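Secondary and tertiary structure notes
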Amino acid sequence: MAEELRYWAFLSYSHADERWASWLHRQLEAYRVPAKLVGRSSSSGPIPAHLRPVFRDREELSVANDLGDRLRAALRGASYLVVICSRSSAKSRWVEEEIRQFKRYHGEDRVLAVIVDGEPYASARPETAADECFPRALRYRLSPDGEVGNVRAEPIAADLRRMGDGKRLALLKLVSRILDLNLDELVQRDAHRHQQQLTIVAATATILSGIFASLAVAALRARDDAIVERAEAISQRTQAEGLVEFMIGDLRKKLAPSGHLEALDAVGERALVYYRAQATHGLDASALGRRARVLHMLGDIQMHRGHLSAAQAQFEQAARTTGELLRREPLAPERIFNHAQSVYWVGYLGYRRGEDDIARQEFESYLRLAEHLNRIDARKEDWQAEVDYASSSLGTVLLDTGQVPQAAAAFRRALDYSARLARGAPEDRDRQVDLAQSYAWLADAEFLSGRLDSALDLRTQEAAIYERLLAATPSDLEASAALAFNSYSRGRMLLAIDRIDPATASLRVAQNKAEWLVRDAPDDVGHKRSLVNIDLVLGQALLDAGERQPARQVAERAGVLVASVVRADPTLGDWGIEQGGAVQVLKGRIDAQAAETPQACAAALASLVADAQRLRTLSDTRPTRLTLARVAAEAAMLAGDHFDLTGDVRSARLWWGAGLEILERSEIPRLPDYDRGRKLLRQLNLRRQDSKVAVRGGTAIVTYRW
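Values in this document were obtained by computation on a predicted structure and should not be read as measured data.

1. Points about the packing of aromatic side chains
Following the criterion strictly, the structure yields 15 aromatic pairs and no others. With a centroid separation of 5.1 Å and 15° between ring planes, the pair formed by F315 and W345 is classed as stacked. On the criterion of sequence distance, the pair formed by F315 in helix α11 (residues 308–328) and W345 in helix α12 (residues 333–352) is long-range, its members being 30 residues apart. As far as burial versus exposure is concerned, F315 and W345 are alike and both buried. Seen in terms of ring centroids, Y344 and W345 are 5.0 Å apart; in terms of plane orientation they differ by 65°. Their pairing is edge-to-face. Note on accessibility: Y344 and W345 belong to one class, buried. Members of the aromatic cluster, connected to one another through ring pairs, are F315, Y344, W345, Y348, Y351, F363 and Y366. One cation-aromatic arrangement involves K380 over W383; the distance from NZ or CZ to the ring centre is 5.0 Å. Between R420 and the ring centre of Y417, over which it is positioned, the NZ or CZ distance is 5.0 Å.

This is the structure in structure tokens:
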């Protein structure tokens, strides 16, 4: 920074945006430039380790007539002007004046925009003028007389919103510009620094793995060596049990959010070898409980990789152990807790496989155990958290099977617990994640209850939590994945009410985040499954917008991902039928819309007849599952359209009737009008009344060109 420039940046903002200004000020001054960049030459001189100081005026100017000498001096002494852009700042006389004065001192190229709400250049159209976020002095260049002219300016802008750059990337954009650095290099250096921090933690797991291997060998030798002193054996066991507790506790919390599960997998397997070596001498109840928790952890890792059969073996072995321990000591809190975890994992496995009856049964048992713990000690926060988890788990199955009021009640109970716990521990990451998840599940229930505004508000509160977590720890993959799903959920809601453009924008954000997660953790099947969901809804949005080619591209990619997931674990075959069927339905609709004649349209829909039959058969085994009912009914409708277009009215009516039956035996007729299933219900009834509706063109779900 040149000697006469005292500040790296001057923050210009409306006092309505005080919260954003305070946040950005802290982030800029606290940002540590990656060590390998410090000292490098730039247009502003050697690159510093910190961007300090940054000027932020904390005084309200509403009663003043002039910026004053102090602010003018700060503007002259600032290297860059950073304007926090919002609907409020676009109307602020003082923000306007600060931009104008700074441009007079330093020219046009050192003004940076940070968008927090509204839209740039929205004032160009009367119908959107109220959404303008750029002040006039930012939108236009100064004329030679120093006043705002009519030549449009194009300031460099960073968008703090989650649908834009997000907080971390927006911050790096500003830093790269102020320090004259390449943005890609800064992003890579920044990510590398966080990765180094994680490497230290992962190395701890590697060391633990070696320790467990040594302890296991010692235990095997001790089995047959009568000379080994009992005291030494007890010492080794105490050491090993302490390491197990660390592994399934603190170490797991550090590694899991970043996706570094391979280290946990290795050390967990070593721990099981140790336990097997101890089997001859027998394990006490506490050691058996810890072994069960190791099995829970390893099963969870197998589920992330899509190996559900391997996960099932781990969970069932753990459940047998914890169940027997609980039978021996039915009133011991530790035994109740450990068995509750086993019951949860068995239920969650059933949920992942679409086995709703098994999942509900296990989650109801889990809730009873959690409530038992709470009765033993209602003040213990961990027991309160178990009621939160159990209520949410049960609510998910109720929601998927259309029991919306019961699901909403379960989610509200979960939110009551998680909000209380999060308020008491604002710095506890896990408590904050629990609260975010409670917002998310209740949002889905509110959406299916017809309360769209409430659902969107809850999703906004959820996203705010994840953004705070990612601002603190950009490498938190769990928070990144949840934020991607949040954008997906918002996009799905907006698409349901035909707000296609904002829905597409939100879904694109979700897609970008999910693609990055899949690249970063290619073995995590959960990320691939999420990307399938995102691609399918984005494909629908693109098709509704008339963008058939982009829609087909995402549909093709979704099909590849479905095949990849099922290859990884063939026990997910039913999931593959449902999601693969959804892919074929989307492709069929794309090809049907592109068809120039009824004959070409019939040919485009022909392949869907086989998919419709597979989906109908699967739906017969799970008649209450909403997502399956929607895709099976749409496939049946399109199969009927195919036969109608070929003149086979009898077959067409049979398929339309099958689609109606699938929907009517579920809870879909009781959902809001904007639900996709309800729209399909109207389409199918319309077709039953007039078999030639497909030829003339349907509405809402299917649109043909002629």
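There's more to say after this.
2. Considering the packing of α12 against helix α14 (residues 381–400)
With their axes 12 Å apart at the nearest point, α12 and α14 run at an angle of 20° to one another. In terms of orientation, α12 lies roughly parallel with respect to α14. Note on packing geometry: the crossing formed by α12 with α14 is left-handed. From α12, P333, F337, Q341, Y344 and Y351 reach across to α14, where they touch W383, E386, S393, T396, V397 and D400. Considered class by class, the residues forming the contact of α12 with α14 number 6 nonpolar, 3 polar and 2 charged.

3. Details of the environment of L183
Its place among the elements puts L183 in helix α7 (residues 183–223). Since its relative accessible area comes to 26%, L183 is described here as partly exposed. It is 7.1 Å that separates the C-alpha atoms of L183 and L172, two residues lying 11 residues apart in sequence. The contacts of L183, once residues within four sequence positions are left out, are L172, K173 and S176.

4. Some details on the pattern of salt bridges
Counted by the stated rule, this structure contains 45 salt bridges. Residue R557 pairs with D535 through a salt bridge whose shortest N-O separation is 2.5 Å. Placement of R557 in helix α21 (residues 548–568) and of D535 in helix α20 (residues 525–544) is noted, with a sequence separation of 22 residues between them. For D535, a relative accessible area of 0% translates into the label buried. R552 serves as the salt-bridge partner of E556, at 2.7 Å between the closest nitrogen and oxygen. Pair noted here: E556 and R552 are both in helix α21, with a separation of 4 residues, about one helical turn.

The rules we used
Numbering of residues starts from 1 in each chain and follows the order in which that chain's sequence is written. Thresholds applied to this predicted model are a pLDDT of at least 70 for local features of residues and 80 or more for the giving and counting of side-chain atom pairs; totals over whole chains, interfaces and linings are not thresholded and use all residues. Calculation of side-chain values draws on the structure's entire complement of heavy atoms; hydrogens and water are dropped beforehand. Between the rings of Phe, Tyr and Trp (Trp by its six-membered ring), a pair exists once the centres lie within 6.5 Å; its type follows the angle of the planes, with under 30 degrees stacked, over 60 edge-to-face, and the other angles tilted. In this text, helices come from DSSP runs of H or I with a minimum length of four residues, and strands from runs of E with a minimum of two, each type numbered from the N-terminal end. Throughout this description, buried means an accessible area under 20% of the type-specific maximum (1.4 Å probe, protein chains only), exposed means over 50%, and partly exposed covers the range between. Distance and angle both matter: a charge sits over a ring if NZ of Lys or CZ of Arg is within 6 Å of the ring centre and within 35 degrees of the ring normal. All axes are obtained by fitting lines to C-alpha atoms, using only the stretch in contact for helices, and the reported angles, taken between N-to-C directions, cover 0 to 180 degrees. Each angle is binned into one of four classes, with values under 35 degrees roughly parallel, values over 145 roughly antiparallel, values of 65 to 115 roughly perpendicular, and all other values oblique. By definition, any crossing whose near helix is turned counterclockwise from its far helix by less than a right angle is left-handed, and any crossing with a clockwise turn is right-handed. Whether two residues touch is decided by their heavy atoms; if any such pair falls within 4.5 Å, the residues are in contact. Charged residues are taken to be Asp, Glu, Lys and Arg, nonpolar residues to be Ala, Val, Leu, Ile, Met, Phe, Trp, Tyr, Cys and Pro, and polar residues to be all remaining types, Gly included. Salt bridges are identified by distance alone: a Lys or Arg side-chain nitrogen within 4 Å of an Asp or Glu carboxyl oxygen.

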